[in-house]
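# Working through the structure, step by step
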Amino acid sequence: MFDLSDHKIPDRKFFARKTITVASALLGSFVVHDSPEGRAGGIIVESEAYVEYDDPGCHAWRGETKRNRAMFGPPGHAYVYFTYGNHWMFNIVTEKEGTGCAVLIRALEPVEGLELMRKRRPKAKTDEDLTNGPGKLASALGIGKELYRADLLSSPLKIYIPEKRFISKYIKKYGGIVRTTRIGLGENAGAILPYRFYLANHPCVSVRAKGRSVCGN
DNA sequence: GAGACGATTTTCT
DNA sequence: GAAAATCGTCTCG
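In this report, we go over the structure that sits alongside the text.

The rules we used
Residues numbered from 1 in each chain as written. Chains lettered and ligands numbered in written order. Predicted model: local features only at pLDDT ≥ 70, side-chain atom pairs only at ≥ 80, totals over all residues. Heavy atoms only, no water. Near = heavy atom within 4 Å. Polar contact = N/O pair within 3.5 Å; in protein donor to acceptor, adjacent residues only side chain to side chain. Nonpolar A, V, L, I, M, F, W, Y, C, P; charged D, E, K, R; others polar. Helix = DSSP H or I, 4+ residues; strand = E, 2+ residues; numbered from the N terminus. Contact = heavy atoms within 4.5 Å. Buried < 20%, exposed > 50% of the residue type's maximum accessible area, 1.4 Å probe, protein only. Pairing = 2+ DSSP bridges.

### A word on the protein's contact with DNA strand B
The full set of residues close to DNA strand B is T65, K66, R67, F82, Y84, G85 and N86. Within 4 Å of the protein, the contacting atoms of DNA strand B are drawn from sugar and phosphate to the extent of 71%. Between Y84 and DNA strand B, the recorded distance is 2.8 Å, taken from a backbone N or O atom to a base oxygen. Between DNA strand B and G85, the relevant distance is 3.0 Å, taken from a base oxygen to a main-chain nitrogen or oxygen of the residue. Of the residues assigned to the surface near DNA strand B, the class counts are 2 nonpolar, 3 polar and 2 charged.

### Digging into the side chain of N68
If you trace the backbone, N68 turns up in the loop between β2 (38–50) and β3 (78–83). Here the side chain of N68 touches H59 through a polar contact of 3.0 Å, landing on its backbone oxygen. When near neighbours in sequence (up to four residues on either side) are disregarded, N68 contacts H59, A60, G63, Y79 and Y148.

### Considerations on unusual backbone geometry
Although it is not a glycine, Y84 adopts a positive phi angle of roughly 50°. Mapped onto the elements, Y84 comes out in the loop between β3 and β4 (87–93).

### Side note on the pairing of strand β8 (residues 196–199)
Residues R196 and Y198 of β8 are buried on one face, and the alternating residues F197 and L199, pointing to the opposite face, are buried as well. Across 3 bridges, the pairing between β2 and β8 is antiparallel. Note on β8: the bridge partner recorded for S47 is F197.

### Quick notes on the pairing of β3
Taking burial as the measure, the 6 residues of β3 include 5 buried ones, the bulk of the element. In this sheet, β4 lies alongside β3 in antiparallel orientation, the contact comprising 6 bridges. Each bridged residue has a counterpart across the sheet, and for A78 the counterpart in β4 is I92. Between the end of β3 and the start of β4, which pair antiparallel, lie 3 residues, with Y84 showing a positive phi angle near 50°.

Written as structure tokens, this is what we have:
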């Protein structure tokens, strides 16, 4: 398994930057959830940016509501919400407090707690199936409403940033970063904005119909 | 293997 | 009452 002592927990400023910057900077870093059942975690291989000010697809576009309140809070916190009847989504709040922006984590490479994740997702046939979608990874990591607004710097749910060398090697290994349009948004909901990032050849990326790898990088 | 669709709940109009 | 930042299953090739 990976030794997390080589990786550091970012400070608040890491998340306070532009959402697009944070979304791409998160590729190759770790998400770890220490639950009572044990530790589960993986490497981020796909992310999407959602920003309040120029993005009709963002939950915060129409202003603050009870549901999206966490997005307007301080950066580095979790914005977790429920959708489509069954699924939790895990987002990381970005930019300065009062701005409704976040990064949606769409896919991970499972690394820590494989057994626990398999137990949580008995229907997954392969290990890639454990975390190759936003609803799937939340389920595999045991992320639910109790982590709404959790501080990623001090709660059981944390982000670890590996050394720069590790990240560039990892990104290179999987063919570089692709920037393209997001998934699951309607035509009028900012579907054309190139706010999605993923590792070109990574097996865990949830490339769907709309997400053809167009703009290589 | 790809495309269609139903499940199910929270939130807003 | 409808839509939603999805998933799993069913159908047809």
